[in-house]
Amino acid sequence: MRRPFIRYVDVHKAFGPKPVLRGVHLEVGEGETVVVLGGSGSGKSVLLRHTVGLHVPDRGEIWVDGVEISGLEEEALVETRKKVGMLFQAGALFDSMTVYENVAFPLREHTDWEEARIAERVREVLRLVELADVEDLLPADLSGGMRKRAALARAIALAPRAILYDEPTTGLDPILANHINRMIRNLQQRLGVTSIVVTHDIHSAFAVADRIAFLCDGRICFDGTVEEARRAPDPLLRNFLEGGGYG
Amino acid sequence: MGGAVSEIFAYLGGLVRLSWAVLRCTFQRRFEVELWMDQLFQLGVRSLTITNLTLLFTGMVLAVQTAYSLRAYGGQTFVGDIVALSIVRELGPVLAALVVAGRVGAGITAELGTMAVTEQVDALRALAANPVKKLVVPRVGALVIILPLLTVLAMTVGIFGGMVMAMFEVGQSRAFYIAHVRDALEVQDIGSGLGKSVFFAVFIALIACYNGLRATGGADGVGKATTNTVVLGSVSVIVSDFFLTKAFLLF
């Protein structure tokens, strides 16, 4: 059993009267890629956002690299956020900055590197996500797939130990989606990072997962390997897998 | 009724929390010079035309109206005094602030609101950067610097507008008008006008940033937040003007 890098313990979250998470338990081992499956509105993204303190749970604990982070002040979350990169669904690139400035942003913020070293690192991570000749472009000039890759480059610029992917293939054509899946796999193999991928794209899930967790009714109702997921008798999961997702 | 009251208090509470965060971040290490310069340019240079145009015509109409009203009493000689005092003590700071609340306040809310609904503000937080320090402090700081400067310039233009009308409508000489302006104005008048504009800048920038950061619900939400900023920003200028005027009269 790998050492757990991220751990959700009995996480509850409601928005107003509507409960979204109702006792999530999940462990993600170091270097492991766990895909959290679930329909639209099932709370997958909400769970992911808890991992870097963008949401605070109403109840329960979230552990990242041995530190319980739920309820920590923004300043106290800095170290955790430096360890965990996040790829947002639409990329969330800063649209007033060029691709170069976006990717350089965390480096300028958290290192005292000279500009030459920053430029070298920016080029290195852009190569890792297979982007070239886009440094001077604004996010608005990029296609959807390029924007996601640029956002991924920004997320890995600080060499985080874990990467969170929020719907990485949503809105992309199958070829681009495959490209992103391959990239997630590559990053895991080359950098050995822990990854959580939240998606309702079954194809993507099977392509990148070491383990699959299925979120339904605000809880994890299945947690197992890809093979176990394929054979699982759970009717909700079966329906989800056979329907190719619903959402 | 109870819901509306608690909503108002929640809003004010949020504004106070944001003000406190701005105060704390302003004096934190690593001063963001580039962000401040960028905002000074964005907020200042782009507002110059509209504040000056507003005060130019206000000065002109004030001179015409004053001359017309005082003609029966032979008080036309006081056009310069009345234009200068009205513009420096009241109309300059208030009108410049109202125009800026519309032009700059709306722009800030639309920009930050778009960032909020497209998860860029969350991305900032996820990258361990502080959105208050990166987005709010430079905007509040820049507006506190730039609004008094815009106001001084607009006041000057307004008094100039009054002079043009005094010369061509009333038949005064330039020297006569300027002498009256100089006689009428005291340092306290200018201090009170500029002091007010500093407060107006804080109110407008905080309301605009707060509304932007809490925007939800896509383009519709950003639109509502922007409208809200223009309304609340303008109302805060008008209402606080009364209390600030009373306060400055004490000194």
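Every value quoted in this text rests on a predicted model; they were computed, and no experiment measured them.

Caption draft 1: Main features of the overall build of chain B. Secondary structure summary: chain B contains 8 helices and 0 strands in total. Shown N-terminal to C-terminal, the secondary structure of chain B runs as helices and strands in the order α-α-α-α-α-α-α-α. Taken over 251 residues, chain B has a buried fraction of 47%. Here the analysis covers contacts within chain B between residues at least 6 apart in sequence; of these, 88% occur between residues at least 24 apart.

Caption draft 2: Main features of the overall build of chain A. Check the secondary structure of chain A and you find 9 helices and 10 strands. Over its C-alpha atoms chain A spans a radius of gyration of 18 Å, differing by no more than 12% from the 18 Å that the globule rule assigns to 247 residues. Its C-alpha atoms give chain A principal-axis dimensions of about 55 × 40 × 40 Å. Intrachain contacts of chain A at a sequence separation of at least 6 include 67% that bridge at least 24 residues.

Caption draft 3: Seen up close, the packing of helix 3 (residues 99–110) of chain A against helix 4 (residues 115–128) of chain A. Residue and element names in this part refer to chain A. Running from amino to carboxyl end, helix 3 crosses helix 4 at an angle of 120 degrees, the nearest separation of the two axes being 9 Å. One element, helix 3, and the other, helix 4, form an angle in the oblique class. Both helix 3 and helix 4 take part in a crossing whose hand is right-handed. Of helix 4, the residues touching helix 3 (which contributes Y100, V103, A104, L107 and R108) are I118, R121, V122, V125 and L126. The residue makeup of the contact of helix 3 with helix 4, split by class, is 8 nonpolar, no polar and 2 charged.

Caption draft 4: Here's a closer look at the sheet that holds strand 9 (residues 211–216) of chain A. All names here are of chain A. Strands sit in the order 6-7-8-3-9-10 across an open sheet of 6 strands; the sheet is mixed. The sheet terminates laterally at strand 6 (84–87) and strand 10 (219–225), the two strands that pair on one side only. Across this sheet, the average inter-strand angle for adjacent strands is 15 degrees, counted without regard to direction. Taken strand by strand, helix 5 (residues 144–156) contacts strand 6 and strand 7 (162–166), and its axis lies near 170 degrees from that of strand 6. Of the strands in this sheet, strand 3 (33–37), strand 9 and strand 10 touch helix 9 (residues 235–242), which is tilted by about 110 degrees from strand 9.

Caption draft 5: Examining the pairing of strand 1 (residues 4–15) of chain A more closely. Residue and element names in this part refer to chain A. Summarising the sheet, strand 1 and strand 2 (residues 18–29) pair through 9 bridges and their orientation is antiparallel. When the bridges of strand 2 are listed, A14 appears paired with P19. In this structure, the hairpin formed by strand 1 and strand 2 is closed by a connection of 2 residues, where G16 is found at a positive phi of approximately 65 degrees. Strand direction decides the pairing type here: strand 1 and strand 4 (residues 59–64), joined by 5 bridges, are antiparallel. Within the sheet, the bridge partner assigned to R7 lies in strand 4 and is W63.

Caption draft 6: Seen up close, the packing of helix 3 (residues 79–117) of chain B against helix 7 (residues 187–213) of chain B. Residue and element names in this part refer to chain B. Running from N to C, helix 3 and helix 7 cross one another at 15 degrees; their axes reach a closest spacing of 8 Å. Judged by the inter-axis angle, helix 3 sits roughly parallel to helix 7. At the point where helix 3 passes helix 7, the crossing takes the right-handed sense. Along the lines of polarity and charge, the residues of the contact of helix 3 with helix 7 split into 19 nonpolar, 9 polar and 4 charged.

Caption draft 7: Local environment of the interface of chain B and chain A. Taken together, the contact between chain B and chain A spans 11 residues of the former and 15 residues of the latter. Classifying every residue of the side of chain B that touches chain A gives 5 nonpolar, 3 polar and 3 charged.

Caption draft 8: Region of interest: the nonpolar core. Core analysis: the largest hydrophobic core is formed by 145 residues, its most contacted members being A153(A), A97(B), L143(B), I204(B) and C209(B). No other element matches the 21 residues that helix 3 of chain B contributes to this core.

Caption draft 9: Up close: unusual backbone geometry. The phi angle at D65(A) is positive, at roughly 50 degrees, despite the residue not being glycine. Secondary-structure assignment places D65(A) in the loop between strand 4 and strand 5 (67–68).

Caption draft 10: Structural view of the pairing of strand 9 of chain A. All names here are of chain A. Two strands pair when backbone bridges link them, and strand 3 and strand 9 are joined in this way by 4 bridges, in the parallel orientation. Residue V36 lies in a different strand from strand 9, and its bridge partner there is A213. When strand 9 meets strand 10, the two strands line up antiparallel, connected through 6 bridges. Bridge pairing in strand 10 links C216 to R219. Taken together, strand 9 and the strand that follows it, strand 10, pair antiparallel across an intervening segment of 2 residues, in which D217 is found at a positive phi of about 55 degrees.

Caption draft 11: Highlighting helix 6 (residues 174–184) of chain B. All names here are of chain B. Those residues of helix 6 that fall on the buried side of the exposure criterion are Y177, H180 and V181. Looking straight down helix 6, one finds its buried side chains confined to an arc of 100 degrees; they lie on one side. Of the exposed residues in helix 6, those oriented more than 90 degrees away from the buried face are A175, R182 and D183.

Caption draft 12: Here's a closer look at the sheet that holds strand 1 of chain A. The antiparallel open sheet is built from 4 strands, whose spatial order is 2-1-4-5 (chain A). A strand with exactly one partner marks an edge of an open sheet, and here the two such strands are strand 2 and strand 5 of chain A.

Caption draft 13: Summary view of the environment of L127(B). For L127(B), the position within the fold is in the loop between helix 4 (120–126) and helix 5 (131–170). Setting aside anything within four residues of it in sequence, one finds L127(B) in contact with R81(A), F105(A), P106(A) and E109(A).

Caption draft 14: Just the confidence of the model for chain B, in detail. Chain-level pLDDT for chain B is 91 on average; 100% of the residues reach the 70-or-more range. Taking the mean pLDDT of every element in chain B, the minimum, 89, falls on helix 1 (residues 2–26) of chain B and the maximum, 95, on helix 4 of chain B.

Caption draft 15: How the structure looks around the environment of I146(B). All names here are of chain B. Looking at the element boundaries, I146 is found in helix 5. On the basis of neighbour counts, which here come to 23 C-beta atoms within 10 Å, the residue I146 falls in the buried class. Measuring from C-alpha to C-alpha, the distance between I146 and G44 comes to 5.7 Å, with 102 residues separating the pair along the chain. In contact with I146, other than residues within four places in its own chain, are L40, L43 and G44.

Rules used throughout
- Residues numbered from 1 in each chain as written.
- Chains lettered and ligands numbered in written order.
- Predicted model: local features only at pLDDT ≥ 70, side-chain atom pairs only at ≥ 80, totals over all residues.
- Helix = DSSP H or I, 4+ residues; strand = E, 2+ residues; numbered from the N terminus.
- Buried ≥ 20, exposed ≤ 12 C-beta atoms within 10 Å, placed from the backbone.
- Contact = placed C-beta atoms within 7 Å.
- Rg over C-alpha atoms; globule rule 2.2 N^0.38 Å.
- Axes fitted to C-alpha atoms, helices over the stretch in contact; angles between N-to-C directions.
- Parallel < 35°, antiparallel > 145°, perpendicular 65-115°, else oblique.
- Left-handed = near helix turned anticlockwise from the far one by under 90°.
- Nonpolar A, V, L, I, M, F, W, Y, C, P; charged D, E, K, R; others polar.
- Pairing = 2+ DSSP bridges.
- Core = buried A, V, L, I, M, F, W, Y, C linked by C-beta atoms within 7 Å.
- Arc of directions from axis to C-beta.
- pLDDT = per-residue confidence, 0-100.

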